[in-house]
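Coordinate inspection notes
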Amino acid sequence: MENKLRKVIIIGSGPAGYTAAIYLGRAGYKPLVIAGALTPGGQLMNTTEVENYPGFPEGILGPDLMESMQKQAEKFGAEVLLNDVTSVDFKSAVKLVTTDDGITYGSDAVIVSTGSQVRKLGVPGELEYSGRGVSYCATCDGFFFRGKPITVVGGGDSAFEEALFLTRFGSSVTLIHRRNEFRASKIMVDRAKENEKIKFITNSVVDEVHGNDVEATSLTVRNVITGETQEVESAGLFVAIGHTPATKFLNGQLKLNEDGTIVVDGATTRTSVEGVFAAGDVVDNMYRQAISAAGMGCRAALDAQTYLNEKYS
Ligand code: NAP
């Protein structure tokens, strides 16, 4: 165990974590940010141009935005550690956080802002053609498939939103869903059904992504009821089957919602454990925007400050 008690530890380094660090740093708390070993900076590190983050009329590259947030947090005294958290112990007043190098850090308050990961299909060819015919972000990659056949997998609002957006680019957009009913809102389904460019293959799953040395070209799609398979032309497959909040390391110590997000108390960022706060995509399965995560990071910092002030007054 590290021989020093921290006031606040922030786990995760996306817009929520760094915004919390900026606020707590400016308030004099010298937060420790455990930023992650593999993906410090979060999902924006895999994004190219970000055009909807306020303050950048010309847009900004995702990695540049995250580097600036880190610098801004460090400028105000945040200490950034490039390690993964492997376990936590929130049972006593001093919260314990252990990293992959075996060091345990103690703290009065903790903010969890570990984000979420896109769900993958886990089928042959998916990984191989990722970035050259398989994508998880229509707004990022739709443009590359202008005039080509596009497929989308999923039956939720994301899949429908992506399918509708992709009709601007694709010669056709085929939505493949494993059931005959959709989870998406009726208005999105109606809109898609009215769009001539969108075709549906239901009760079906993708079994494999095929392609040549350069790019993906088609999919094997299997009907889960009849077992029949068909080859579907696909230059761009967009997987939109949801996100998994990154909470494994919590080992059940915070209450979670059915969708895996952390339960918070109303409009606050207070979790089921006193002194532990949560912000960003690990809480929010709805908006999932950099700016909404940053806003929640600000709220978590203010909630943590109130908690620490009350504790020490
Ligand atoms: P979601 O609602 O959880 O839907 C995920 C979809 O993927 C479901 O249809 C699910 O099928 C399917 N799926 C899951 N795992 C699969 C697998 N391994 N293989 C094939 N299909 C799989 O996720 P989401 O669409 O990302 O939406 C998340 C939240 O954001 C929702 O609350 C949604 O309303 C919200 N959202 C709102 C908007 C909007 O209002 N404009 C836009 C986007 C997202 P089953 O249905 O069979 O389970």
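Above this text is the structure in question.
Remember, it's a predicted structure, so these values are computed and weren't measured experimentally.

Further remarks concern the environment of T268. The topology assignment puts T268 in the loop between β18 (243-245) and β19 (276-278). Linking T268 and L302, residues 34 residues apart in sequence, is a C-alpha distance of 9.6 Å. Contacts of T268, omitting those with residues within four sequence positions, involve R299 and D303. Separated by 2.6 Å, the side chain of T268 and the backbone oxygen of D265 make a polar contact.

Around the ligand there are 15 residues in total, and D157, S158, E161, R179 and R183 lie nearest to it. The separation between an oxygen atom of the ligand and a polar main-chain atom of G156 is 3.3 Å. Take S158: an N or O atom from its side chain is 2.6 Å from an oxygen atom of the ligand. Looking at the shell around the ligand residue by residue, the class counts come to two nonpolar, seven polar and six charged.

Right, let's talk about the packing of aromatic side chains for a bit. In the structure shown here, the tally under the stated rule is nine aromatic pairs. Seen from their ring centres, F143 and F169 are 6.4 Å apart, and the 80° between their planes marks the pair as edge-to-face. Note that F143 is positioned in the loop between α3 (138-141) and β11 (149-153) and F169 in the loop between α4 (157-166) and β12 (172-176), a separation of 26 residues in sequence. The class for F169 is buried, based on a relative accessible area of 12%. Ring geometry for F160 versus F200: centroids 6.2 Å apart, planes at 35°, classification tilted. In this pair, F160 is assigned in helix α4 and F200 in strand β13 (residues 198-201), connecting sequence segments 40 residues apart. Judged by relative accessible area, which is 0%, F160 ranks as buried. Judged by relative accessible area, F200 falls into the partly exposed class, the value being 28%.

With that settled, the discussion passes to the pairing of β12. With five of its five residues buried, β12 lies for the most part within the structure. Across five bridges, β11 lies against β12 in parallel orientation. Residue pairing in the sheet places P149 in a bridge with S172 of β12. One crossover worth recording links β11 to the parallel β12 by way of α4, and it is right-handed. Pairing geometry for β12 and β13, over four bridges, is parallel. Counterpart to T174 in the pairing with β13 is K199. Tracing the backbone out of β12, into helix α5 (residues 186-194) and back to the parallel element β13 gives a crossover that is right-handed.

Pairing is parallel across the open sheet formed by five strands, whose spatial order is β10-β17-β11-β12-β13. Strand pairing shows two members of the sheet lacking a second neighbour, β10 (134-135) and β13, which therefore form its edges.

In this section: the pattern of salt bridges. Here the structure, examined in full by the defined rule, presents seven salt bridges. In this structure, the salt-bridge partner of D207 is R222, at a minimum N-O distance of 2.7 Å. Taken together, the positions of D207 in strand β14 (residues 204-211) and R222 in strand β15 (residues 216-223) put the pair 15 residues apart, joining distant regions of the chain. According to the relative accessible area criterion, D207 is partly exposed, its value standing at 26%. With a relative accessible area of 29%, R222 lands in the partly exposed category. In this structure, D265 and R270 form a salt bridge, with 3.0 Å as the shortest nitrogen-oxygen distance. R270 gets classed as partly exposed once you look at its relative accessible area, which sits at 40%. A network of salt bridges, in which partner residues are shared, links E2, R6 and E79.

This brings us to the side chain of T261. You can see T261 is positioned in the loop between β18 and β19. Overall, T261 belongs to the buried group, its relative accessible area being 3%. For T261, the side chain forms a polar contact with the side chain of D259, separated by 2.6 Å. If we skip the residues at most four places from it in the chain, T261 touches P245, K255, L256, D281, V282, V283, D284 and N285.

One full turn of an α-helix is made of 3.6 residues, so residues set three or four places apart face in the same direction. Within the sequence span of α5, burial applies to M188, V189 and A192. Relative to the axis of α5, the buried residues are bounded by an arc of 100° and lie together on one face. Among the exposed residues of α5, those oriented more than 90 degrees off its buried face are K186, I187 and E194. Buried residues in α5 make contact with α4 and β13.

Reading the values: the criteria
- Residues numbered from 1 in each chain as written.
- Predicted model: local features only at pLDDT ≥ 70, side-chain atom pairs only at ≥ 80, totals over all residues.
- Heavy atoms only, no water.
- Helix = DSSP H or I, 4+ residues; strand = E, 2+ residues; numbered from the N terminus.
- Contact = heavy atoms within 4.5 Å.
- Polar contact = N/O pair within 3.5 Å; in protein donor to acceptor, adjacent residues only side chain to side chain.
- Near = heavy atom within 4 Å.
- Nonpolar A, V, L, I, M, F, W, Y, C, P; charged D, E, K, R; others polar.
- Phe/Tyr/Trp six-rings, centres within 6.5 Å; stacked < 30°, edge-to-face > 60°.
- Buried < 20%, exposed > 50% of the residue type's maximum accessible area, 1.4 Å probe, protein only.
- Pairing = 2+ DSSP bridges.
- Right-handed = clockwise from strand over helix to strand, strands pointing away.
- Salt bridge = Lys/Arg side-chain N within 4 Å of Asp/Glu carboxyl O.
- Arc of directions from axis to C-beta.

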